[in-house]
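Structural features, examined
Single-letter residue listing:
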Amino acid sequence: MIGLLVVREVRRALGASAWLPVAFFLLVAIVVPFAVGPDVRLLARIGGGALWIAALTAALLPIERLVEPDRADGVLDQLALRRIPEEAVALAKIVGHWLTFGPLLLLAALPGAALLGLNGPLLGRTLLTLAVGTPALAALAVAVASLTAGLRSASALGGLLLLPLAVPLLIFGASAAGGEGGAFKLEAATALFVLAGAPFAAGAALRALRT
Amino acid sequence: MSNLLTMTDVACWRGGRLLFEGLNAKLAPGNGLWVQGPNGTGKSSLLRVAAGLLRPLAGTVSRSDCALADEALALDRELPLSRALGLWAALDGSARVSAALQALGLAALADVPVRLLSTGQAQRARLARVLAAGAPLWLLDEPLNGLDDASVAAVAATIADHRAAGGGVLVASHLPIPGGAWRTLELAT
């Protein structure tokens, strides 16, 4: 059952230009050298953090299409009629969203890192922190999309909600990319916490949408 | 025989006002109940309360498995009609999609993307989704809107077949549904 819903999410994302967040991610990575100048050592020092900011902004883009179309079209009602728990729907949305967001973003991080002059162990660490962080970003995006579905100016509100919630992830992820020893474990712990909590938060929000 | 739907003393509060209260309704297998009333008296809300999607302010609702056709189509726009219906059929574990398409005269449109369907075709697709679900209780909101005469006949025949097979139908409609005897439930302002 969840598998069917995951497949549907992936199909919908691919049909709704899943490459857009990734293009946005690359664009932010391209803009950074223009803003701080071409100093190679400076770029290498801030590169990991810059890629994390790019990933965070890219995570904002899909929020609008994650839940609202299903609410407006009665799909959520039909799922509820079939007594499928809202938490399961949220989990399927998280998994489906990550599948079309995480791997593409990691691929795009390679040219992004090249633009910022990241290489060697620095590149490896950055990719690793993004690999651990993107599932949590996807989970946050689904939770925020569930909370803001049906509201006016939902996308702006979604950004305002998601960015502060993602700050711990950003702090630990960026410092782990920069080589801080314990930061990676803290990032993983934060990501795990977000991943574990998001389906329940999103499920409660989806239930509240019906009233 | 037990009832497919029992609503006891139900009150519904929506948008800051009381839509109805003290409402009692029973639907036994084979029965049809026709909810009437002017716009805004809570016909659609009554259907949502019966479905369990909306919690009543007071009273109790118990129902068997149900399928709901309200104004939302709930079919993926980009998919061909048969595959869009197939998603729900797969979740329901049913294999009735092609039979449902046939019954509602949609067989020729099975490969047409849902977004290209006309109003009347979408209306029949909505009923096809309900039919394919195989639930004993149908909750239909204005099932005859936007239909031509032939489609009205097809929809009425589908509903009559369902009732003949022991299903119950709760319908909110401005238009009388041809075929079979209907008990009426009037919602007043």
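Above this text is the structure in question.
The sections below set out a description of the structure shown in this document. (Residues numbered from 1 in each chain as written. Chains lettered and ligands numbered in written order. Predicted model: local features only at pLDDT ≥ 70, side-chain atom pairs only at ≥ 80, totals over all residues.)

**Focus: the overall build of chain A**
On a plain count of helices and strands, chain A comes out with 11 helices and zero strands. When the helices and strands of chain A are read in sequence order from the N terminus, they spell out α-α-α-α-α-α-α-α-α-α-α. For chain A, whose C-alpha radius of gyration is 17 Å, the value lies close to the compact-globule estimate of 17 Å for 211 residues. Oriented by its inertia axes, the alpha-carbon framework of chain A measures out at about 60 × 30 × 30 Å. (Helix = DSSP H or I, 4+ residues; strand = E, 2+ residues; numbered from the N terminus. Rg over C-alpha atoms; globule rule 2.2 N^0.38 Å.)

**Some remarks on the sheet that holds strand β4 (residues 58-63) of chain B**
All names here are of chain B. The antiparallel open sheet is built from three strands, whose spatial order is β2-β1-β4. The open sheet is flanked by β2 (17-27) and β4, the only strands paired with a single partner. Across this sheet, the average inter-strand angle for adjacent strands is 25 degrees, counted without regard to direction. Its contacts with the sheet put helix α1 (residues 43-51) on β1 (5-14), β2 and β4, and the angle it makes with β1 is roughly 125 degrees. (Pairing = 2+ DSSP bridges. Axes fitted to C-alpha atoms, helices over the stretch in contact; angles between N-to-C directions. Contact = placed C-beta atoms within 7 Å.)

**Let's talk about the pairing of strand β7 (residues 168-172) of chain B**
Residues and elements named next belong to chain B. For β7, a buried count of five out of five residues is recorded, marking the element as mostly surrounded by other parts of the structure. Residue alternation in β7 divides its side chains into two sets, Gly-168, Leu-170 and Ala-172 and Val-169 and Val-171, and both sets are buried. Where strand β3 (residues 32-36) and β7 come together, four bridges link them in parallel fashion. Within the sheet, the bridge partner assigned to Val-35 lies in β7 and is Ala-172. Pairing analysis gives five bridges linking strand β6 (residues 137-141) to β7, with the strands arranged parallel. Note that in β7 the partner of Trp-138 across the bridge is Val-169. (Buried ≥ 20, exposed ≤ 12 C-beta atoms within 10 Å, placed from the backbone.)

**Some points on helix α4 (residues 119-133) of chain B**
Residues and elements named next belong to chain B. In this model, α4 (15 residues) spans 22 Å end to end at C-alpha, consistent with the 21 Å of a helix rising 1.5 Å per residue. When you tally the buried positions in α4, you get 12 out of 15 residues, the bulk of the element. Along α4, the residues that are buried comprise Gln-121, Gln-123, Arg-124, Ala-125, Arg-126, Leu-127, Ala-128, Arg-129, Val-130, Leu-131, Ala-132 and Ala-133. Gly-134 sits one or two positions beyond α4 and adopts a positive phi of about 70 degrees. (Expected span 1.5 Å × (residues − 1).)

**What about helix α3 (residues 40-60) of chain A?**
Residue and element names in this part refer to chain A. With 21 residues, α3 extends 29 Å from end C-alpha to end C-alpha; this agrees with the ideal 30 Å at 1.5 Å per step. The axis of α3 is deflected most strongly, by about 50 degrees, at Gly-47. Those residues of α3 that fall on the buried side of the exposure criterion are Gly-47, Gly-48, Ala-50, Leu-51, Trp-52, Ala-54, Ala-55, Leu-56, Ala-58, Ala-59 and Leu-60. (Bend = angle between axes of the 7 residues up to and from the residue.)

**Some details on the interface of chain B and chain A**
Counting residues at the interface gives 15 residues for chain B, matched by 14 residues for chain A. Of all elements in the fold, only β5 (66-69) and α2 (81-92) of chain B reach the threshold of two or more residues within the side of chain B that touches chain A. Per element, the largest residue contribution to the side of chain B that touches chain A is five residues, and it comes from α2(B).

**Structural notes on the packing of α3(A) against helix α10 (residues 167-177) of chain A**
Residues and elements named next belong to chain A. One way to put it is that α3 packs onto α10 with a least axis distance of 8 Å and a crossing angle of 145 degrees. Of the two possible hands of crossing, α3 and α10 adopt the one that is right-handed. Across the interface between the two elements, Gly-48, Gly-49, Trp-52 and Leu-56 of α3 pack against Leu-170, Gly-173, Ala-174 and Ala-177 of α10. (Left-handed = near helix turned anticlockwise from the far one by under 90°.)

**Structural notes on unusual backbone geometry**
For Ser153(A), which is not glycine, the phi dihedral falls at a positive 45 degrees. Among the secondary structure elements, Ser153(A) is positioned in the loop between α8 (120-148) and α9 (154-165). Even without being glycine, Ala74(B) reaches a positive phi, approximately 55 degrees. Positionally, Ala74(B) belongs in the loop between β5 and α2.

**Regarding the environment of Leu163(A)**
Relative to the helices and strands, Leu163(A) is located in helix α9. Spatially, the C-alpha atoms of Leu163(A) and Ala176(A) are 19 Å apart, while their sequence positions differ by 13 residues.

By themselves these figures say nothing about function.
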